[in-house]
Structure formats: C-alpha cells, structure tokens
Amino acid sequence: MHAYTDTLAQRRPLWMVTLAIDETNLSEGLRAACASSAMLLLGLLFDHPDFSWAAIGAFWTCLADAAGTRRMRFVSMLGFGLLSTVVGGLAALAAGHGLATAAIAVLLFSWAGALARIWGAATAQVAILAATACVVMVTHPLESMTQSAPFLGLYMFGCLFATVLSFTVWRIHPFSPARRALRAAYSRLAGIARDNARFLEHDPAQGGFAAHGASYRSQARAALEAARVALAAVPPSRAGRSALYDNLLLALSDAERIFAYLIAVTHSCEREQQRLRQDPRARRSLEVMGVLLRRLGQAVQRRPETPPLELQRRLAACGRRLEAALGALLPLRLNVEFMDLGMPRAAQLPWRDAALLALGQAWQTLKVNATPQSLSWRHAARVSLATTAGFLLVEALHIPFGYWATMATLLILQPSVASTWPRGIERVAGSVLGAVLAVLIGLVIYTPLGISLVVFPLIVATMALRRVSYSLHVLFMTPAFVLVADYAAPASEMVYAASRLGNNVLGCVLALLATFFLWPDREADDLDQRLAQAVSANLKYLLAVLAAGGKWDSAIARLRREAGLASNNAEQVLQRLRIERRLDRSSGVGLAALRTLPLLRRVAGSTARISLSPQAEPATPELQQWIAAVSAEIDALLRGTPGTPSPAPCASDGLTALQADAVGQVQLLRGLLREHVHARAEGSPGKLTQVTQ
C-alpha cells in the first residue's frame, strides 16, 4: 500500500544500483511508525479492529508528505487526507451498488491519479496515493452513507492524527530537507573517492570500470542538483537573515568544488593507473577522503550552525597527500565563495494569492495536456484501463486480497517501458523477500498486541529506506501490511503472504502487458540531439577554461555544471534505449554514443585538471580558435550539416602538458565522430558495433 514517484530524472542500470545508506531518514520512519502504531493500539484498547484503516490512513498520509516548506507539507498531507477519504468513500459506495459501478469508479479515479503527473512530483504523489486508496476501499463495499460514516471517520481520523503529529509533536525543521540533500550529495562524492580507490586496485584488462565511474559521477551531479533545489526552496523569510542558511550555501559551494576536484583526480587515476597500482599512497588517500567526505555530510546535517573546520582541514591535508602521490598539481581549496544557485528563490505569497496562482497554473497545464496526442493523457488512459482490467480479473476469479494486484498495477506503470520494467522487477523482488519475512514473523507473532508492536519497526524501516531502495522499501512494507490485515481479520500469515506475493506478480504482469500493448509510448529517441548538446557543452567548458587558464569563477562553474548535466541527459537516453532494446535501431547514433560519452567524461576530466591547476596558463588565440573550429565541425557532423570546413590538426608546438592532453582528447573525439558519420553514410553500422564490443 504505497506510492513511489520518480523524483529524480536519473535512472540507474539494474546492475549498477548502489545503496545510499546515508540517505536513510530515521526520523521520517519513526514519525510514520508512531502514527500508525498508535492507531493499532487504540483499536486494541477499544477492541475495534477497524482501527487498522486508521493506521493505513496515517501511514499513507506520511507518504504523501511533500518535502519543502511547511505550507507545502501541510497542503499535501491535509489535501491527501480529504481527497483520499472522498474518493475512497465514493469507490466503496459504488462497490455497494454492483460490480459495474465499482469498475467505473476504479477507471475514473485511477485515470485522474495518473494524469496528475502533469502538475509535478508533489501533486502526482498525493494523487496516486488517493487513487491507491480508491482501489483498496473499493473492496470494502458500503451500501449507504450511514454505513460508511464510521468506516470513513476512522480512516480520516488516522490521516488527521498523522498530520497533527507532523506539525506539533514531530515538527520538521525548515532547513531539514536542504540538510538531508547536502548530506546525500557529500555521500555521493565519497562514493566517487572510494570508486577511484577501487579502480587503482583493478586490473585494466578486466574492463567495466569506465561505466561504473560514469554512474557515480552521474549520481553525484543529480544529488548536487537536488541540494541546489532544496536550498532554493527555503523561504526568503528564513534564508535572508540566517547564518545557518549561509553555512549550507557554503557547504554546497564546497561540494561543487570537491566534485570538480574528484573529476580531475579520476582523470589522473585513469591516465596513471599502471604506475599508481604499485603505489598504495594514492589508494589509501582516496579511501580516507571517502571517509572524511561522508563525515562532512553528517556534520552538515547534524550541526549546520557550526562549520566543520577540523574535518575540512583534514580533508585538505588528505588532498595534499593525494596530490603528491598522483604527481599532479591539484590543490583542494574550500571555503572560497558562496554558490550561486542560478534559479529563482522560492517566494512566500499569502495563502489566498498562492492558491489562486496555483489554480491558474494548474488550469493552463490541464488545457495543454487535454488531448489524446498528449503523452500524459495516453499514459493516464493506459493506467486506468490496466488497473480496471486487473480489478475485473480478480473479481471474476475471486482472488483473495485482489486489491494488491490492482494496487501493484497502478503503482508499477510508468510512462515508458524503460521505467516500468525496472520498477516491476524491483517490486516483485521486494515482495518475494517480504512475503518470506511475513511468514517467519507470523510463526511467532499472532496476538493483536504483538502485531501492534512488531508493525512499529517494520514501518520505521519502510519509511526510512524509501529513498534508499525501492526493493527494500517494498520488502519491509509487505510484512507490515500483511500483519495489519491480520490485525483486522486474523488468519494464516502464510495465506496472506502468499496472496501478497501472487497478486504482486499478477499486477507486474498486467503493467508490463499494458506498457507493451496499450499505446506503447517509448520515451523520445532524441539521442542524436542529446549527444550533440553534450558534446557542445563540454567543448564550451573546455574553451572557457583554456581561455581563463587556471582561473576559477562563477562563469566557469556554470559551464562545468551545464556540461555535466548535458552528459547525464545523454547517458540517461542511451540507457533507456538499451533497456528498450532499441539501441541497434537508433540510426547508429546509439552505437557512437557508447564510445563518445565515456570520451566526453575524459574531456571533462582533462578540463577540470586545467581549471584547478595553479600553473595553468591561458591558451594562445590560435589554440582557442582551433578548439572553436573543431567544436563547430563536430556540431555539424552530429547535426548532419554538410559543407562545414574541417580544420587541420593542431600543432603541438608551444602547448603545455595539460593543454596537449586536452587537445589529444578533442582529436580523439573528432576522429571517432568522423568515423561514425562515414560508417552511417555507407550504411554499415556494423563496423561501429565491432569496435564498441
């Protein structure tokens, strides 16, 4: 009984998933567990099993909590409580008047819940949870308002209790989301350092580490962007006169500089791997740096009012040892400048003005998407038809606890094959392990009091791990709600667990069938455009750094961020094509991207080394002109524009070692793309296939 929305535009390959344990939110888990367990204990006190619905309402309300300002959180939690009570009650009343009306209710509410994606992640989270309440409550038919009042009253009481608990006893600090986001960012930076340490132990003949390193860098960039958004969401009334906010802003600035530093370190490790494998100093320094970065993130989250100067000094000293081991001038400087967020700060309008503005924007968005040609509209239709088909199937076959199948269909279905398939696999895997755990718990716990107590740690783990791993989230959620179901209607845990497992598998199958056969919208194959943008952004970054020498300023930082985001976007499109088995049908661009994107990462590493080196000198006008001409040629090659002049190879005379390295990377990039264009013109992408394999 859960909704999980994609909040990041980052999808990881299944074989490269890393568990970000530092993103565990124990406070969030304890708050949800207290709210849900309190409802179960009240049911035990009053001998009223229907309090299990209050527990479910409390848990769902905590899931609906949209991170952000207090106003946003309050609106999301209270809005979910009211909305889910209304739609759930209507669905239950519809079920009381026959199967046909129940199916219509499921069709309409699941369609509306899926369509809400057009209004953003927070609205989608509330809406899909409300739709989940509908598909669950439709299995609890009610024939009249008089009969439904006590049932809905208990459910609403649980929702309100969780909301009140969150804003009174268990309040969340206004800076808490930003602090958590910064800790996650530092955790990702620590991951890059540890990955480099492992790389230095790795045998180059085995391969595979280039893709892994790119995955860590992509995750770190996404985490930094999330921290940037979280800081920008802090209301000006809180940020304007707060030293704590300044400390967080400086921590984000340091994280960006550390990220650039680690990119340069990665480049040095790749170029000097054979030598560094024989020298343990670099590996030990990187391992210590990983530990220090993780501790820095913890300090920023726990004590943001106190700058972690001692940890920063130790990190700088570790950087000096690493610099000596690498034999490269890569100074690590911290506390240099405040980060420019580069996005509008959140404005705190009066309640009435904010509501009117939100309604106006929502109406405009709905008008744009109110057409069958809209991908969001078709996705909503796909979700509603698949969910309704699942509901009718379990009703026709009289499958026990069939709402788990319809709920799984509703929650697994995503707009594309590339996102639905991994979600389904993770949910089934979590359900299998969760079902086994539920059976083991049920062998020793079977009294209402025991169930109330055991549910507490299970919900803590469910909520605390939901941002860490979807599979772990489902693993602990499964026994929690198997036991809650047992609380309301005691039976064999083996039956409940087996039903949960079978219904989740059925829901996954229905979701995949709907994805492939109901308007199979695969995400746009715009890899050629994304690849062109990535190449252009990275070469702009290189050109600016060559012109400035070793100077670091806000313009350089902005171009580096844009290059990283462009590379991430291209890699995400490439990964979706691989999951959808369309890589060999992408006009050869996908095959070229498999080789080009890792090379772009090396270009970025070479550029980062120049930008951080105190001995870097501004490039000559001739070198800058050559880079600009090659950039224009590559852009024309990728866009298929004929007649673009091709500059002669760059003369190596007068180039510094760092400049020569950057020129070499650019020449490799140009040669690779020329080869790709020539192979495509001859209609023989197989040549590229052999090279990439």
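No experiment lies behind these values; they were computed from the predicted model shown.

Focus: the overall build of the chain
Okay, so step 1: The helix and strand inventory of the chain stands at 26 helices and zero strands.
Okay, so step 2: Within the chain, buried positions represent 55% of all 693 residues.
Okay, so step 3: Look at the contacts in the chain between residues 6 or more apart in sequence, and 81% of them connect residues 24 or more apart.

Considering the packing of aromatic side chains
Okay, so step 1: Evaluated as defined, the whole model comprises seven aromatic pairs.
Okay, so step 2: Ring centres of Phe46 and Phe51 lie 6.3 Å apart, and the angle between their planes is 20°; this geometry places the pair in the stacked category.
Okay, so step 3: Exposure remark for Phe46: the relative accessible area of 55% places this residue in the exposed category.
Okay, so step 4: Judged by centre distance (5.0 Å) and plane angle (85°), the ring pair of Trp53 and Phe151 falls under edge-to-face. Separated by 98 residues along the polypeptide, Trp53 in helix 2 (residues 51-63) and Phe151 in helix 6 (residues 145-167) bring together distant segments of the chain.
Okay, so step 5: The class for Phe151 is buried, based on a relative accessible area of 4%.
Okay, so step 6: The ring of Phe167 carries the charged tip of Arg73 above its face, separated from the ring centre by 4.7 Å.

Quick notes on helix 6
Okay, so step 1: Taking 1.5 Å as the rise per residue, helix 6 with 23 residues should run 33 Å; its terminal C-alpha atoms sit 31 Å apart, in good agreement.
Okay, so step 2: Along helix 6, the sharpest kink reaches roughly 25°, centred on Phe151.

Some details on the nonpolar core
Okay, so step 1: In terms of nonpolar packing, the biggest core is built from 102 residues, with Leu189, Ile258, Tyr261, Leu262, Met289, Leu293 and Leu315 touching the most fellow members.
Okay, so step 2: At 16 residues, the largest contribution of residues to this core is made by helix 10 (residues 243-271).
Okay, so step 3: Apart from the residues within four sequence positions on either side, Ile258 is in contact with Tyr186, Leu189, Leu293, Leu315, Leu332 and Leu334.
Okay, so step 4: In terms of nonpolar packing, the next biggest core, distinct from the first, is built from 80 residues, Ala92, Ala94, Leu142 and Val474 among them.

Focus on helix 1 (residues 26-46)
Quick reminder: α-helices carry 3.6 residues per turn. Residues three or four places apart thus point the same way.
Okay, so step 1: The terminal C-alpha atoms of helix 1, which comprises 21 residues, lie 30 Å apart, in line with the 30 Å expected from a rise of 1.5 Å per residue.
Okay, so step 2: Those residues of helix 1 that sit buried are Glu28, Gly29, Arg31, Ala32, Ala33, Ala35, Ser36, Ser37, Met39, Leu40 and Gly43.

Points about the side chain of His379
Okay, so step 1: Along the polypeptide, His379 turns up in helix 15 (residues 375-397).
Okay, so step 2: Apart from residues lying up to four places away in sequence, His379 is in contact with Ala114, Arg117, Leu413, Gln414 and Pro415.

Comments concerning the confidence of the model for the chain
Okay, so step 1: The share of residues in the chain with pLDDT of 70 or more is 82%, and the mean pLDDT across the chain is 79.
Okay, so step 2: By mean pLDDT, helix 26 (residues 686-692) is the weakest element of the chain at 36, and helix 4 (residues 99-115) is the strongest at 92.
Okay, so step 3: Note that pLDDT drops below 50 for residues 1-19; the model gives that stretch 60 contacts with residues more than four away or on any other chain.
Okay, so step 4: Segment residues 684-693 is flagged for pLDDT under 50; beyond a separation of four residues in sequence, or across chains, it makes 15 contacts in the model.

Topic: the pattern of salt bridges
Okay, so step 1: Applying the stated criterion across every chain, the model contains 17 salt bridges.
Okay, so step 2: Of the charged contacts, one joins Asp65 and Arg31 as a salt bridge, the two residues approaching to 3.1 Å between their closest N and O atoms. Taken as a pair, Asp65 in the loop between helix 2 and helix 3 (70-95) and Arg31 in helix 1 lie far apart in primary sequence, 34 residues in all.
Okay, so step 3: Residue classification places Arg31 among the buried positions, given a relative accessible area of 2%.
Okay, so step 4: One salt bridge connects Glu310 with Arg313, and the closest N-O pair in it is separated by 3.0 Å. Here the residue Glu310 and the residue Arg313 both occupy positions in helix 13 (residues 309-326), the gap between them amounting to three residues, near one helical turn.
Okay, so step 5: A relative accessible area of 45% places Glu310 in the partly exposed class.

Quick word on a positive patch on the surface
Okay, so step 1: A surface patch of positive charge is lined by Arg194, Arg294, Arg295, Arg302, Arg303 and Arg314.
Okay, so step 2: Along the chain, Arg294 turns up in helix 12 (residues 280-302).
Okay, so step 3: In this structure Arg294 comes out as partly exposed when scored by relative accessible area, which is 31%.

Structural notes on empty space enclosed by the protein
Okay, so step 1: In the structure shown here, the tally under the stated rule is four cavities of 30 Å³ or more.
Okay, so step 2: Its volume calculated, the second largest cavity comes out at about 100 Å³.
Okay, so step 3: Taken together, 13 residues make up the lining of the second largest cavity; nearest its centre are Ile263, Arg560, Gly564, Arg601 and Ala604.
Okay, so step 4: When residues of the lining of the second largest cavity are traced back to their parent elements, those giving at least two are helix 8 (209-232), helix 10, helix 21 (527-548), helix 22 (554-579) and helix 23 (589-612).
Okay, so step 5: For the lining of the second largest cavity, the per-class residue count stands at five nonpolar, four polar and four charged.

Some words on the side chain of Ser606
Okay, so step 1: Relative to the helices and strands, Ser606 resides in helix 23.
Okay, so step 2: Among the polar contacts listed, one links the side chain of Ser606 to the side chain of Asp661, at a separation of 3.0 Å.
Okay, so step 3: Look past the residues within four positions of Ser606 in its chain and what remains in contact with it is His267, Leu658, Asp661, Ala662 and Gln665.

Examining the packing of helix 4 against helix 5 (residues 121-137)
Okay, so step 1: Across the interface, helix 4 lies against helix 5 with an axial gap of 8 Å and an inter-helix angle of 165°. Between helix 4 and helix 5, the angle is such that the two are roughly antiparallel. In this structure, helix 4 meets helix 5 at a crossing whose hand is left-handed. Every residue of helix 5 that contacts helix 4 at Ala105, Val106, Phe109, Ser110, Gly113 and Ala114 is listed here: Ala127, Ile128, Ala131, Cys134 and Val135.
Okay, so step 2: Here the residues of the contact of helix 4 with helix 5 are counted per class, giving nine nonpolar, two polar and no charged.

Definitions and limits used
Residues numbered from 1 in each chain as written. Predicted model: local features only at pLDDT ≥ 70, side-chain atom pairs only at ≥ 80, totals over all residues. Heavy atoms only, no water. Helix = DSSP H or I, 4+ residues; strand = E, 2+ residues; numbered from the N terminus. Buried < 20%, exposed > 50% of the residue type's maximum accessible area, 1.4 Å probe, protein only. Contact = heavy atoms within 4.5 Å. Phe/Tyr/Trp six-rings, centres within 6.5 Å; stacked < 30°, edge-to-face > 60°. Lys NZ or Arg CZ within 6 Å of the ring centre and 35° of its normal. Expected span 1.5 Å × (residues − 1). Bend = angle between axes of the 7 residues up to and from the residue. Core = buried A, V, L, I, M, F, W, Y, C linked by side-chain atoms within 4.5 Å. pLDDT = per-residue confidence, 0-100. Salt bridge = Lys/Arg side-chain N within 4 Å of Asp/Glu carboxyl O. Patch = residues over 30% accessible without salt bridge, like charges linked within 9 Å, V, L, I, M, F, W, Y side chains within 5 Å. Areas by Shrake-Rupley, 256 points an atom, 1.4 Å probe, with all protein chains shown as cover. Lys, Arg positive; Asp, Glu negative; His and termini not counted. Charge placed at Lys NZ, Arg CZ, Asp CG, Glu CD. 1 Å grid on protein atoms, 1.4 Å probe; cavity = no way out; pocket = protein on both sides within 12 Å on 5 of 7 lines; lining within 4 Å. Points joined across faces, edges and corners; volume = space filled by probe spheres on them. Nonpolar A, V, L, I, M, F, W, Y, C, P; charged D, E, K, R; others polar. Polar contact = N/O pair within 3.5 Å; in protein donor to acceptor, adjacent residues only side chain to side chain. Axes fitted to C-alpha atoms, helices over the stretch in contact; angles between N-to-C directions. Parallel < 35°, antiparallel > 145°, perpendicular 65-115°, else oblique. Left-handed = near helix turned anticlockwise from the far one by under 90°.

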